[in-house]
Amino acid sequence: MNIVKAENLTYEYIRRDEDGNVEGITTAVDDVSLRVKQGDFVAILGHNGSGKSTLAKHINAILSPTEGTVWVDGKDTRDEEEIWNIRQTAGMVFQNPDNQIIGQVVEEDVGFGPENIGVPTEEIWERVTESLRAVGMYQFRKYSPNKLSGGQKQRVSIAGVLAMHPKCIILDEPTAMLDPNGRKEVIRAVRGLNQVEGVTVILITHYMEEIIHADKVFVMDRGKIAMEGTPREIFSQVEKLKALRLDVPQVTLLAYNLQKKGVPLPDGILTTEEFVKALGL
Ligand code: ADP
Ligand code: MG
């Protein structure tokens, strides 16, 4: 079952002058077709301006296709009557947690979403509790969000989305503004949602280390899907990644360089453990 399906999706940003005449067109997403299976952890990579955020905004029905179609849980995102349904099915987490947290108290903030859609009060509290537990923030439920670190705030934003009981969460560079510790906390929480709660995850990130556990990776370049495969398939292609101006995990690069020098190592080593094992240490 595909939770997200895009067929020949194209999106153009149109710039107009004061008189409304078209000044320029940017094709941000260019004829993209992709499928995301329910329950998968999918990562989207690509350098700045490659169209990742524009694609993500289609999955949440924030943007509507210029051409082509996007279905979320079988519903066409163009269908006005399904918009709220789609936003509930596919929740979105953005880069800056400060723009997403509105409550004065953590538990209140997490409860806003369900309250807005008319969930009965008792159930709101159940959802708040379970969502905060899922991201490891339950002990901070009475805190003011101002008192939290970036990683903690971002986990509260994720809990807020989770409280809507989405089938899918799209995270658009959720760790870009965080320190290494905050990044780890957030990624651990996101992996938990996927593995324990069974939520489909679509993670957009610049950090290669964050995607080694993904079921599938899409690499975008100039609005198109340039590569698609498992992390190992993707990271075996070091030269291609470099050509797309992307990094590879440090250990993968090291193994690749040693391999080029004649050290017998398999392609696409992703972790230090694999590397050590492959070296026979
Ligand atoms: P990414 O998230 O991979 O950095 P984006 O989807 O943000 O890429 O951007 C893709 C392209 O669309 C870029 O060329 C960017 O400049 C352009 N773009 C993004 N948002 C807008 C906008 N609101 N108006 C006009 N052009 C935009
Ligand atoms: Mg972006």
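Just above, that's the structure.
Bear in mind the structure is a predicted one, so any value in this text is a computation, not a measurement.

Let us look at the overall build of the protein. Helix and strand counts for the protein stand at 10 helices and 10 strands. Its C-alpha atoms give the protein a radius of gyration of 20 Å, within 12% of the compact-globule value 19 Å for 281 residues. Along the longest, intermediate and shortest principal axes, the C-alpha atoms of the protein span 65 × 55 × 40 Å. Relative to its full complement of 281 residues, the protein shows a buried share of 49%. Sequence-distant contacts, at least 24 apart, represent 63% of the contacts inside the protein between residues at least 6 apart. Entry remark: accessible area of the protein is about 14000 Å², with carbon and sulfur atoms responsible for 46%.

Right, let's get into the nonpolar core. In this structure, I158, I169, L171, V217, V219 and F235 are the most contacted members of the largest nonpolar core, which totals 48 residues. Not counting the four nearest positions on each side in its chain, I169 is found in contact with G91, V93, V161, L162, L193, V199, T200, V201 and I202. Formed by 28 residues, the second largest nonpolar core is a distinct cluster that contains V36, A56, I86 and I204.

There is about 700 Å³ of room inside the largest pocket. Considering the residues around the largest pocket, the lining is formed by 22 residues, among which M92, G113, G160, V161 and M164 are closest to the centre. Secondary-structure elements contributing two or more residues to the lining of the largest pocket are α2 (83-89), β6 (90-93), α3 (106-116) and α5 (150-162). Considering only residue class, the lining of the largest pocket consists of 11 nonpolar, 9 polar and 2 charged. Each pocket or cavity is described by its volume, and for the second largest pocket that value is around 310 Å³. Along the walls of the second largest pocket sit P180, R183, K184, I187, R188, R191, Y207, E209, E210, I212 and H213, which together make up its complete lining. Class assignment for the residues of the lining of the second largest pocket results in 4 nonpolar, 1 polar and 6 charged.

A complete count under the given rule lists 12 salt bridges for this structure. Where K153 meets D98, a salt bridge forms, and the shortest distance between an N and an O atom there is 2.9 Å. Taken together, the residues span a long stretch of sequence, with K153 in helix α5 and D98 in the loop between β6 and α3 at a distance of 55 residues. Given a relative accessible area of 15%, K153 falls into the buried group. Close ionic contact of K216 with E228 constitutes a salt bridge, the shortest N to O distance being 2.9 Å. In this pair, K216 sits in strand β9 (residues 216-221) while E228 sits in strand β10 (residues 224-229), placing the two residues 12 residues apart along the sequence. Residue classification places K216 among the partly exposed positions, given a relative accessible area of 24%.

Definitions and limits used
Residues numbered from 1 in each chain as written. Chains lettered and ligands numbered in written order. Predicted model: local features only at pLDDT ≥ 70, side-chain atom pairs only at ≥ 80, totals over all residues. Heavy atoms only, no water. Helix = DSSP H or I, 4+ residues; strand = E, 2+ residues; numbered from the N terminus. Rg over C-alpha atoms; globule rule 2.2 N^0.38 Å. Buried < 20%, exposed > 50% of the residue type's maximum accessible area, 1.4 Å probe, protein only. Contact = heavy atoms within 4.5 Å. Areas by Shrake-Rupley, 256 points an atom, 1.4 Å probe, with all protein chains shown as cover. Core = buried A, V, L, I, M, F, W, Y, C linked by side-chain atoms within 4.5 Å. 1 Å grid on protein atoms, 1.4 Å probe; cavity = no way out; pocket = protein on both sides within 12 Å on 5 of 7 lines; lining within 4 Å. Points joined across faces, edges and corners; volume = space filled by probe spheres on them. Nonpolar A, V, L, I, M, F, W, Y, C, P; charged D, E, K, R; others polar. Salt bridge = Lys/Arg side-chain N within 4 Å of Asp/Glu carboxyl O.

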